[in-house]
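Summary of structural features
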Amino acid sequence: MIDVAAHARGARHGGEDPLADTDNGGGPRERVGSPSPAGDGDGRPPRPPRGSGGGILMGRPFGVPVYVAPSWFLVAALITWVFGGQLDRVLPELGNIRYLIALFFAVAFYASVLVHELAHTVAALRFDLPVRRIQLQFFGGVSEIEKESETPGREFVLAFVGPLLSLVLAGVFYGGMQLVEPGTVPGVLLAGLMISNLIVAVFNLLPGLPLDGGRMLRAVVWKLSGRAMTGTVAAAWTGRALAIAVLIGFPLATHAGGFTDDGVGGMDTLTDALLAAILAAIIWTGAGNSLRMARLRERLPELRARTLTRRAVPVESETPLSEALRRANEAGARALVVVDGQGDPLSLVRESAIVGVPEHRRPWVAVSTLAQDLKDGMRVPAELAGEELLDHLRAAPATEYLVVEESGEIYGVLSTGDVEKAFVEAMAKR
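Let us look at the structure shown here. (Residues numbered from 1 in each chain as written. Predicted model: local features only at pLDDT ≥ 70, side-chain atom pairs only at ≥ 80, totals over all residues. Heavy atoms only, no water.)

Among the secondary structure elements, alanine 312 is positioned in strand S6 (residues 312-316). Take alanine 312: its relative accessible area is 18%, and that puts it in the buried class. Residues alanine 312 and valine 403 lie 91 residues apart in sequence; the distance between their C-alpha atoms is 9.9 Å. Not counting chain neighbours up to four residues away, the residues in contact with alanine 312 comprise Ala333, Ala335, Val337, Gly412 and Val413. (Helix = DSSP H or I, 4+ residues; strand = E, 2+ residues; numbered from the N terminus. Buried < 20%, exposed > 50% of the residue type's maximum accessible area, 1.4 Å probe, protein only. Contact = heavy atoms within 4.5 Å.)

Attention now moves to the packing of helix H3 (residues 152-177) against helix H5 (residues 212-225). Where H3 contacts H5, the two axes come as close as 8 Å, and the packing angle between them is 160°. Classified by the angle their axes make, H3 and H5 are roughly antiparallel. For the element pair H3 and H5, the recorded crossing hand is left-handed. Contact residues: Pro152, Glu155, Phe156, Leu158, Ala159, Phe160 and Pro163 in H3; Asp212, Arg215, Met216, Arg218, Ala219, Val220, Trp222 and Lys223 in H5. (Axes fitted to C-alpha atoms, helices over the stretch in contact; angles between N-to-C directions. Parallel < 35°, antiparallel > 145°, perpendicular 65-115°, else oblique. Left-handed = near helix turned anticlockwise from the far one by under 90°.)

Here we take up the pattern of salt bridges. Pairing between side chains becomes possible if they bear opposite charge and their charged atoms approach one another. Scanning all chains against the criterion turns up 14 salt bridges. With its nearest N and O atoms 3.9 Å apart, the salt bridge here joins arginine 98 to aspartate 88. In this pair, arginine 98 sits in helix H2 (residues 97-126) while aspartate 88 sits in helix H1 (residues 70-90), placing the two residues 10 residues apart along the sequence. The partly exposed category is assigned to aspartate 88, whose relative accessible area is 32%. (Salt bridge = Lys/Arg side-chain N within 4 Å of Asp/Glu carboxyl O.)

Here the focus is H5. The end-to-end C-alpha distance of H5, which contains 14 residues, comes to 20 Å, matching closely the 20 Å that a straight helix rising 1.5 Å per residue would cover. Here H5 has its buried residues at Asp212, Gly213, Gly214, Arg215, Met216, Arg218, Ala219, Val221 and Trp222. Immediately downstream of H5, the backbone of glycine 226 shows phi near 85°, a positive value. (Expected span 1.5 Å × (residues − 1).)

With that out of the way, let us pick up unusual backbone geometry. Here the bond from leucine 209 into proline 210 is cis, since omega is 10°, no more than 30 degrees from zero. Tracing the chain through its elements places proline 210 in the loop between helix H4 (185-204) and H5. The phi angle at phenylalanine 62 is positive, at roughly 60°, despite the residue not being glycine. Among the secondary structure elements, phenylalanine 62 is positioned in the loop between strand S2 (56-59) and strand S3 (66-68). The class for phenylalanine 62 is exposed, based on a relative accessible area of 57%. With a phi close to 60°, aspartate 128 is a non-glycine residue in the positive phi region. Given the relative accessible area of 66%, aspartate 128 is considered exposed.

Moving on: the packing of H3 against H4. Running from N to C, H3 and H4 point in directions that differ by 160°, and their axes come no closer than 8 Å. The angle between the axes of H3 and H4 places the two elements in the roughly antiparallel class. Considering only the axes of H3 and H4, their crossing is left-handed. Contact with H3, carried on its side by Pro163, Ser166, Leu167, Leu169, Ala170, Phe173, Tyr174, Gly176 and Met177, involves Leu190, Ala191, Leu193, Met194, Asn197, Leu198, Val200, Ala201 and Asn204 of H4 and no other residues of that element. Tallied by class, residues from the contact of H3 with H4 come to 14 nonpolar, 4 polar and no charged. (Nonpolar A, V, L, I, M, F, W, Y, C, P; charged D, E, K, R; others polar.)

So this is what it looks like as structure tokens:
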């Protein structure tokens, strides 16, 4: 299963948009991924706008929406089929009702994954880290935490609570097994849930990003080195080594341990190899996303409103476009701000609208017809930089923003296109 405390907050680098909603895994968006039978990713790109996407809304525990992605139904059907086959071997007298029991097991298992995710969520909220949503999907769960832990100690705790709760659940189910007869439906269900939660916990404790154990390793290295980036690099490369180990070792271990009946080349061996390849790909990708998002966090401060702002000239609303452009060229400016008679800004002339007016029409077109009124959030303090700047722009999507000094004086115009270009250039640096 996969558990990503995917701190999903977007960027544009090779197709990413720093002002868009991205849910990778980590992406990475976080969304940040983490393979597991449930685990936590490390990538925390800039925060995306809150949206309702993510699948079917199931509820809002602790005020955090929980979604079930469409892919969950696929894995639930797969679990039902596989566990139903196991029930047929253990309790053949059940007949076709075994699939109904197997479906109950699938739902109960994902309820356990949800408890794992809620442990991350509660810890995050306790540390004043906003959680965008929880999503149950194909390979487990995703907790989208929108900010990074401020200290390595908090990072360690935030990562550890998930596997800890899975271990607690395994213990609870083991205790339940002692109260029922073995070889019965309750006994088989409790045994399956105990084993699955134990696997979730152990797998997530493996020391490589994007798993919870990788985040714990990152926290330890961060504490020892004093640099979060050093911890991320160490845990991410450990995660990549872990991906290779899973790819090669999982099929060999299951075959050598006698878990396959058909021998090498049999259907079980092929299934093990396919599962290993999927898990390895997810771990490798998640580790890479963690590195990329760590570089992003280091380079975000390079995005400064003051340095990205275009010089602007003020023009009154009825000024012909041709005259406004002449004034801008003389002043070496690249933007136009429509002002009233007292010089107070009213609107911004959109660059895309200027391009759409043929040159022979420009003397007859007033700049006000091409302008966008200044709305809440379209005034950007000149000193904003990094993640604060991106957050401000996302809160009020527009193509241009008025950049102002603390005194309220017009500094210039900030274009979204310029921000995206600067972001790409910053991410391209080595």
